[in-house]
Amino acid sequence: MTTLKDLSRALGLSVTQVSRALNGHSDVSAATRERVMEAAKILNYIPNIAARRLVSGRSGTVGLVFRNRSEVPPDTLFVETTCGLSEFFAEHDLQFMLHVGRLTDDEIKVYRRLVDSRTLDGFVILNPVVDDRRIAFLREREVPFVVHGRAAPDSAHPYFDIDNEEVAHRLTRHLIERGHRRIAFINGLRSLTFVEARQRGYARALAEAGIAYDETLHVAVEMTESAGLVESVRFVAHMAERPTAVICGNTRIAKGVYRAVEAAGLSIPGDVSVVAHDDLLFEFDSERFNPPLTVTASALSESWKPMATFLARAIDGGYPLAQMQEIGRTVFIERASVATV
């Protein structure tokens with residue numbers, strides 16, 4: 001098996017230089033790093049994680065933590081996310097671990113145990129909430145982490161996010177431009193920071209058009225097809241004046257709305273116009289809805305590589321915060337699910 005000493009001899013570099021190049025240290029030139037990485041690939045070098053931990057004090061492992069099994073999402077979206085992150089962490093020579101705590105554990109107790117044991121070098125945080133305890137704890141302990149999303153619009157931590165306020169503003173404005181004034185929004189759970197951002201965008205677009213914000217038309221639910229179905233039935237069957245348009249937090253909710261409208265003997269867009277945000281998931285292809293769904297779109301898969309890169313940089317140190325934050329691109333795609341009223 002190829003060792004660091006073998007690489008050192010083959011490249012004419014010191015063992016320290018080779019080690020620092022393999023671990024992505026900023027004091028190694030890009031040319032040297034590329035040369036070392038190429039030699040490691042050719043010679044089939046596999047790092048000895050135990051030895052590296054003794055030398056560096058690092059485990060070479062990062063993780064995604066859940067308090068207990070009940071919090072682990074049972075869906076393909078979660079599988080895609082963990083597989084995608086694992087793939088790109090491997091490019092940084094980091095192992096990616098899913099850690100699930102005991103049923104009786106407090107959320108921060110799980111993090112404290114992992115931090116105190118030095119089991120993980122850094123953490124991935126999904127679905128940040130307002131005043132997120134995970135973020136506060138890791139900041140206090142000065143432990144590297146990266147967030148899918150932001151704790152606040154001006155967050156001073158590594159993250160990958162999209163402009164969720166603009167997502168909702170764009171969808172709402174489109175409906176207003178087509179003449180709609182009674183616009184419902186089936187959003188995600190209120191504790192989530194991206195949900196708050198979308199509510200702000202929705203409310204801002206209504207205010208700009210002189211439309212009063214109606215709390216009964218903005219609902220907070222689990223972002224599932226069944227939730228979209230239930231809320232749409234309520235809008236259609238139990239409101240004296242039903243909405244002429246519905247904004248959906250994702251395409252899963254939109255699928256439920258389509259089912260509810262069809263079951264009520266109504267049509268899209270003839271009776272109800274529908275728009276949504278689309279994470280570009282294969283199982284909910286918005287272009288194949290009948291009629292095709294108008295969306296703002298940003299591929300969830302585009303977040304995995306930068307998140308892995310940003311956490312690797314946070315662990316290595318020496319990078320400015322601006323090089324560990326990114327707002328991903330979002331596009332607006334107009335299709336056939338909106339009518340002019």
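Per an unreviewed UniProt entry, the chain goes by the name HTH lacI-type domain-containing protein and belongs to Martelella endophytica.

(A) Up close: the sheet that holds strand β4 (residues 145-148). Spatial strand order, β2-β1-β3-β4-β5-β11: six strands in an open sheet with parallel pairing. Two strands in the sheet have a free side with no partner beyond their single neighbour: β2 (95-100) and β11 (325-327). Each strand of the sheet is rotated relative to its neighbour by a mean of 15 degrees, with strand direction disregarded. Bridge count between strand β3 (residues 122-126) and β4: four bridges; the pairing is parallel. Paired with Phe123 across the strands is Phe145, a residue of β4. Sheet strands touched by helix α7 (residues 133-140): β3 and β4. Its angle to β3, the strand with the most contacts, is close to 160 degrees.

(B) Just the domain arrangement of the chain, in detail. The domain architecture assigned to the chain consists of domain 1 (4-47), domain 2 (61-162 + 301-328) and domain 3 (164-299). Listed per partner, the contact involves 16 residues of domain 2 and 14 residues of domain 3. Its largest share of buried area at the contact with domain 3, domain 2 owes to Leu77, Val130 and Ile162, together 40% of the area lost on that side. Remark: the boundary between domain 2 and domain 3 carries eight residue pairs in polar contact (both at pLDDT 80 or more). With three residues, the top contributor of residues to the side of domain 2 that touches domain 3 is helix α5 (residues 76-91). Partitioning the side of domain 2 that touches domain 3 into residue classes produces seven nonpolar, four polar and five charged.

(C) Spatial organisation of the environment of Leu293. You can see Leu293 is positioned in the loop between β9 (273-278) and β10 (294-297). Spatially, the C-alpha atoms of Leu293 and Ala336 are 6.3 Å apart, while their sequence positions differ by 43 residues. The residues contacting Leu293, other than those within four sequence positions of it, are Thr251, Ala254, Tyr258, Val274, Val275, Ala276, Ser286, Ile333, Arg335 and Ser337.

(D) Expanded view of the pattern of salt bridges. Tallying each qualifying case throughout the model produces 23 salt bridges. For Glu283, the salt bridge is made with Arg252, and the minimal N-O distance between the two is 3.2 Å. Taken as a pair, Glu283 in the loop between β9 and β10 and Arg252 in helix α11 (residues 251-263) lie far apart in primary sequence, 31 residues in all. Among the ionic contacts, a cluster of salt bridges with common partners joins Glu165, Glu166, Arg200, Arg204 and Glu208.

(E) Just the packing of aromatic side chains, in detail. Counting across every chain of the model gives six aromatic pairs. Measuring from ring centre to ring centre gives 5.5 Å for Phe66 and Phe78, while their planes differ by 75 degrees; the resulting arrangement is edge-to-face. Taken together, the residues Phe66 in strand β1 (residues 61-66) and Phe78 in helix α5 connect sequence positions twelve residues apart. Of the two residues examined, Phe66 and Phe78, each falls in the buried class. Their ring planes at 65 degrees and their centres at 5.2 Å tell us that Phe185 and Tyr202 sit as a pair that is edge-to-face. In this pair, Phe185 is assigned in strand β6 (residues 183-187) and Tyr202 in helix α9 (residues 193-208), connecting sequence segments 17 residues apart. In this pair, the class of Phe185 matches that of Tyr202, namely buried. Among the aromatic residues, ring-to-ring pairing joins Phe185, Tyr202 and Tyr213 into one connected group.

Thresholds, definitions, all that
Residues numbered from 1 in each chain as written. Predicted model: local features only at pLDDT ≥ 70, side-chain atom pairs only at ≥ 80, totals over all residues. Heavy atoms only, no water. Pairing = 2+ DSSP bridges. Helix = DSSP H or I, 4+ residues; strand = E, 2+ residues; numbered from the N terminus. Axes fitted to C-alpha atoms, helices over the stretch in contact; angles between N-to-C directions. Contact = heavy atoms within 4.5 Å. Domains from an automatic or database assignment. Buried area = accessible area lost by both parts, 1.4 Å probe. Polar contact = N/O pair within 3.5 Å; in protein donor to acceptor, adjacent residues only side chain to side chain. Nonpolar A, V, L, I, M, F, W, Y, C, P; charged D, E, K, R; others polar. Salt bridge = Lys/Arg side-chain N within 4 Å of Asp/Glu carboxyl O. Phe/Tyr/Trp six-rings, centres within 6.5 Å; stacked < 30°, edge-to-face > 60°. Buried < 20%, exposed > 50% of the residue type's maximum accessible area, 1.4 Å probe, protein only.

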